[in-house]
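Fold and geometry: a report
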Amino acid sequence: QELPNHADLLTPLADLLVQDGELDKVDVIIRKLDSRKVAISQVKYLKARVQMARSQWAIATEALNQLRADAVTLPGLAIQVNLLLAECYRQQANREAEMQALQRVFSVDANNLSGRISLGTIALNAGRFEDAVKE
């Protein structure tokens, strides 16, 4: 409220609110951003995060795949989108697509910690303990 012209602060705030489960507040932020027509990729990202929070995995997957095309030139967003996609695919029990999403993370940042933890968890769940320890 004190910085009404700083829409760039709304997306990280909404992301934190999603993590806290305050989806009604996120919906208000999405409407604000949507009305300004300047943050289309941010709105897509937040809508996908809300869909994930509501366990709408297939819808979130579709939205994130659309956003992935927009994120090609933005490495930070590309990593985040692919990590979220990996989670969506994990929730849908699509291990192959989950691995592909993680590989896209590693193509941007070979040492991405979140991606390495996810890969280690996959190996652990598959009983590949040496691979899990390596990750």
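Data block above holds the structure.
Thresholds applied
- Residues numbered from 1 in each chain as written.
- Predicted model: local features only at pLDDT ≥ 70, side-chain atom pairs only at ≥ 80, totals over all residues.
- Heavy atoms only, no water.
- Helix = DSSP H or I, 4+ residues; strand = E, 2+ residues; numbered from the N terminus.
- Buried < 20%, exposed > 50% of the residue type's maximum accessible area, 1.4 Å probe, protein only.
- Areas by Shrake-Rupley, 256 points an atom, 1.4 Å probe, with all protein chains shown as cover.
- Expected span 1.5 Å × (residues − 1).
- Arc of directions from axis to C-beta.
- Contact = heavy atoms within 4.5 Å.
- Polar contact = N/O pair within 3.5 Å; in protein donor to acceptor, adjacent residues only side chain to side chain.
- Salt bridge = Lys/Arg side-chain N within 4 Å of Asp/Glu carboxyl O.
- Phe/Tyr/Trp six-rings, centres within 6.5 Å; stacked < 30°, edge-to-face > 60°.
- Lys NZ or Arg CZ within 6 Å of the ring centre and 35° of its normal.

Some details on the overall build of the protein
The number of helices and strands found in the protein is eight helices and zero strands. Ordered by position in the sequence, the α and β elements of the protein form the string α-α-α-α-α-α-α-α. Considering only C-alpha atoms, the protein reaches an extent of 50 × 30 × 25 Å along its principal axes. Of all 135 residues assigned to the protein, the portion counted as buried reaches 38%. Put simply, the protein shows about 8200 Å² of open surface, and 52% of that area lies on carbon and sulfur atoms.

Some remarks on helix 7 (residues 113–125)
The α-helix advances 3.6 residues per turn, and as a result positions three or four apart in sequence lie on the same side. In this model helix 7 runs 18 Å from its N-terminal to its C-terminal C-alpha over 13 residues, within 8% of the 18 Å that 1.5 Å per residue would give. Those residues of helix 7 lying buried are Gly 115, Leu 119, Gly 120, Ile 122 and Ala 123. Across the axial projection of helix 7, the buried residues extend over an arc of 160°, all falling on one side. Seen from the buried face of helix 7, the exposed residues on the opposite side, beyond 90 degrees, are Leu 113, Ile 117 and Asn 125. Looking at the buried positions of helix 7, the neighbouring elements they touch are helix 5 (75–91), helix 6 (95–108) and helix 8 (129–134). Put simply, Asn 112 is the residue that caps the front of helix 7, since its side-chain oxygen is 3.2 Å from the backbone nitrogen of Ser 114. One or two residues past the end of helix 7 sits Gly 127, with phi positive at roughly 80°.

Focus: the pattern of salt bridges
Once the charged atoms of two side chains with opposite charge are near each other, the side chains can pair. Counted under the stated rule, the structure contains eight salt bridges. A salt bridge links Asp 27 to Arg 54; the nearest nitrogen and oxygen atoms lie 3.3 Å apart. Residue Asp 27 is found in helix 2 (residues 23–36), and its partner Arg 54 is found in the loop between helix 3 (40–53) and helix 4 (57–70); the two are separated by 27 residues along the sequence. Of the charged contacts, one joins Arg 116 and Glu 135 as a salt bridge, the two residues approaching to 3.0 Å between their closest N and O atoms. Highlighted residues: Arg 116 in helix 7 and Glu 135 in the segment after helix 8, separated in sequence by 19 residues. The class for Arg 116 is partly exposed, based on a relative accessible area of 23%.

Considering the packing of aromatic side chains
Any two aromatic rings considered together are summarised by their centre-to-centre distance and by the angle between their planes. This structure, assessed with the given rule, holds zero aromatic pairs. Here Arg 116 stacks its cationic end above the ring of Phe 106, 3.9 Å away from the centre of that ring.

Topic: the environment of Asp 20
Following the sequence through the fold, Asp 20 ends up in the loop between helix 1 (10–19) and helix 2. For Asp 20, a relative accessible area of 56% puts it in the exposed group. It is 9.9 Å that separates the C-alpha atoms of Asp 20 and Ala 53, two residues lying 33 residues apart in sequence.

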